[in-house]
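# Chains, contacts and geometry: an overview
Listed below are the residues making up each chain.
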Amino acid sequence: MQVNGTAYRTVWMEDADPAHVHIIDQRALPHRLVTMRLPSVDEVATAIREMYVRGAGCIGATAGYGMYLAARAANHATFAADLARAAQQLIATRPTAVNLAWAVQRQQHAMQAGHTPAEKIAIAHGTARAIADEDAAFCRQIGEHGLALIRAIAARKPAGQPVNILTHCNAGWLAFVDYGSATAPIYAAHDAGIPVHVWVDETRPRNQGASLTAWELASHGVPCHLIVDNAGGHLMQHGLVDLVLVGTDRTTVTGDVANKIGTYLKALAAADNGVPFYVAVPSSSIDWQMTDGLAEIPIEERDPEEVLTVHGWQDGREAAVRIAPPHVPAGNYGFDITPRRLITGLLTERGLCRAERAAILALFPDTYAAAIRPPS
Ligand code: MRU
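Residues numbered from 1 in each chain as written. Predicted model: local features only at pLDDT ≥ 70, side-chain atom pairs only at ≥ 80, totals over all residues. Heavy atoms only, no water.

### Let's talk about the overall build of the protein chain
- Helix and strand counts for the protein chain stand at 13 helices and 18 strands.
- Relative to the 2.2 N^0.38 estimate, which gives 21 Å for 376 residues, the radius of gyration of the protein chain is 20 Å and therefore close to what a compact globule would have.
- Each of the three principal axes of the protein chain carries a C-alpha extent, and together these read 65 × 55 × 45 Å.
- Every one of the 376 residues in the protein chain was classed for burial, and the buried ones make up 53%.
- A separation of at least 24 residues holds for 73% of the contacts in the protein chain among residues at least 6 apart in sequence.
- One way to put it: in the protein chain the 30 positive side-chain charges average out to a point 1 Å from where the 37 negative ones average out. (Helix = DSSP H or I, 4+ residues; strand = E, 2+ residues; numbered from the N terminus. Rg over C-alpha atoms; globule rule 2.2 N^0.38 Å. Buried < 20%, exposed > 50% of the residue type's maximum accessible area, 1.4 Å probe, protein only. Contact = heavy atoms within 4.5 Å. Lys, Arg positive; Asp, Glu negative; His and termini not counted. Charge placed at Lys NZ, Arg CZ, Asp CG, Glu CD.)

### Some words on the domain arrangement of the protein chain
- Entries for the protein chain in the domain assignment read domain 1 (2-134) and domain 2 (142-372).
- For domain 1 versus domain 2, the distance between C-alpha centres works out to 24 Å.
- Listed as interface residues are 29 residues of domain 1 and, on the opposing side, 30 residues of domain 2.
- In terms of surface lost to domain 2, no three residues of domain 1 exceed R54, T96 and V98, which account for 24% of the buried area on that side. (Domains from an automatic or database assignment. Buried area = accessible area lost by both parts, 1.4 Å probe.)

### Some details on the side chain of K266
- Inspection of the secondary structure assignment puts K266 in helix 9 (residues 263-273).
- When its relative accessible area of 6% is taken as the criterion, K266 is described as buried.

### Describing the site of the ligand
- The environment of the ligand is formed by 17 residues, the closest being R54, R94, D249, N259 and K260.
- Separating an oxygen atom of the ligand from a backbone N or O atom of G55 is a distance of 2.9 Å.
- Its free accessible area being 400 Å², the ligand has 100% of it covered by the protein chains.
- For the shell around the ligand, the per-class residue count stands at seven nonpolar, six polar and four charged.
- Two domains each put at least three residues into the shell around the ligand: domain 1 (2-134) and domain 2 (142-372). (Near = heavy atom within 4 Å. Polar contact = N/O pair within 3.5 Å; in protein donor to acceptor, adjacent residues only side chain to side chain. Areas by Shrake-Rupley, 256 points an atom, 1.4 Å probe, with all protein chains shown as cover. Nonpolar A, V, L, I, M, F, W, Y, C, P; charged D, E, K, R; others polar.)

### With respect to the packing of helix 4 (residues 98-111) against helix 5 (residues 117-155)
- For the pair helix 4 and helix 5, interaxial distance at closest approach is 9 Å and the crossing angle is 145°. Our pair here, helix 4 against helix 5, has a crossing hand that is right-handed. For the pair helix 4 and helix 5, the contacting residues are W102, A103, R106, Q107, A110 and M111 in the first and K120, I123, A124, T127, A128, A130, I131 and E134 in the second. (Axes fitted to C-alpha atoms, helices over the stretch in contact; angles between N-to-C directions. Left-handed = near helix turned anticlockwise from the far one by under 90°.)

### Thoughts on the pattern of salt bridges
- Under the defined criterion, the tally for this structure stands at 19 salt bridges.
- A salt bridge links R206 to E306; the nearest nitrogen and oxygen atoms lie 2.7 Å apart. Pair noted here: R206 is in the loop between strand 7 (196-201) and helix 7 (208-220) and E306 is in helix 11 (residues 305-308), with a separation of 100 residues, a long-range link.
- Assessed through its relative accessible area of 31%, R206 is described here as partly exposed. (Salt bridge = Lys/Arg side-chain N within 4 Å of Asp/Glu carboxyl O.)

### With respect to helix 9
- Among the residues making up helix 9, those that are buried are T263, K266, A267, A269 and A270. Along the axis of helix 9, the buried positions cluster into a sector of 165°, meaning they face one direction only. Residues L265 and D272 are exposed on helix 9 and point more than 90 degrees away from its buried face.
- Downstream of helix 9 by one or two residues, G274 has phi in the positive range, about 65°. (Arc of directions from axis to C-beta.)

### Some remarks on the packing of aromatic side chains
- Within this structure, the stated rule accounts for three aromatic pairs.
- A centroid spacing of 6.3 Å and a plane angle of 40° characterise the contact between W173 and W215, whose relative ring orientation is tilted. Of the two residues, W173 is situated in the loop between strand 6 (163-167) and helix 6 (184-191) and W215 in helix 7; the sequence distance between them amounts to 42 residues.
- For W173, a relative accessible area of 3% gives the class buried. (Phe/Tyr/Trp six-rings, centres within 6.5 Å; stacked < 30°, edge-to-face > 60°.)

### Looking at the pairing of strand 17 (residues 345-348)
- Side chains G345 and L347 of strand 17 all project onto a buried face; the interleaved residues L346 and T348 project onto the opposite face, where all are buried too.
- Where strand 12 (residues 277-280) lies against strand 17, three bridges are found, and the strand directions are parallel. Bridge assignment links V279 to a residue of strand 17, and that residue is L346.
- The antiparallel hairpin formed by strand 17 and strand 18 (residues 351-353) contains two residues in its connecting segment. (Pairing = 2+ DSSP bridges.)

### Some points on the side chain of T348
- Inspection of the secondary structure assignment puts T348 in strand 17.
- A polar side-chain atom of T348 sits 2.9 Å from the main-chain amide nitrogen of R350.
- Within the structure, T348 has its side chain in polar contact with the backbone oxygen of G351 (distance 2.8 Å).
- Ignoring anything within four residues of it in the chain, the contact list for T348 reads I142, H145, V281, L363 and F364.

### A few points about the environment of R250
- Within the element layout of this structure, R250 appears in strand 10 (residues 250-252).
- Ignoring any residue separated from it by four or fewer positions in sequence, one finds R250 in contact with P95, T96, A97, V98, D256, V257, A258, S285, D287, M290, I297 and P298.
- Polar contacts involving the side chain of R250 include one to the side chain of D287, which spans 2.6 Å.

Here is the structure:
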């Protein structure tokens, strides 16, 4: 996406510098746009764990590049063991988003075709780029399918009235390599001249809505309002939300959705108020093995400090403020599960489908077959 006239991706590699992965350091947004060069798999793992990069697609693509850096650095005598260790290290960084393990395993599988370390390194380089390019392409396609959805809602509204969309957390271009999943249809509708307006949940505790989604939308000129996480139900009761559109970190093959904590409550409120609730899901975020989201999807628990302390910007620099009494413990659950019964539809790169196994498999028979094939 364009930032001040320059096209950015969230993660990339430069031809002249194949020894580093470049990222946007999302911790500095919205106050500063900072990029960073990562020289090794250790630094890639830190960047994912500490959320310099975050969002399902973005961490998947970053891990793909991390595997390439690990291959470059691997000892030729212990190549396989070094790569297995790097894979474990990356997968352990964040448990909920399936894109991470998917990208690492795709790299491992692809490298099997190489006969020498040099061949494997070349394959890893190409695969990392392919993962990143695919991620951007999937999101662009989700945008095209979602545009049709927003256009249909706009057609039912009085002329000129904006389509009001509520979103949670950041499933924008910063959460992917480009375009975003939930925001791609919003950008596409805005660019097509359809009036849209977005309610942006601030998304405690790390405030990805406030710091990232609001920044993205405002930079693109999309009208939006930041709201506290608990405002959505009230807005829906008053007819101020036409649809809810969120992303996902992992969706089971049966249509249960893991997304940022608080998504489930939005789905409940949407169901109670007859507001359609859509989830934008690239196939790289579908877990083809899991069938019961609540029982099977691992929910990341993060440092309680993220709940006890609020980070912001004061007098030209980063500031942290404690908001709870001393010695009060906090729980920090990163994600929740929205059961398929609360979901109106899934927006994928191949189109819209119901949140259920048969509909998902009808769209992705080849992807499913490849995913469940035993490893060769
Ligand atoms: O903890 P994060 O910021 O990596 O969480 C990811 C998210 O921003 C959301 O859950 C998002 O809606 C899905 S990722 C496309």
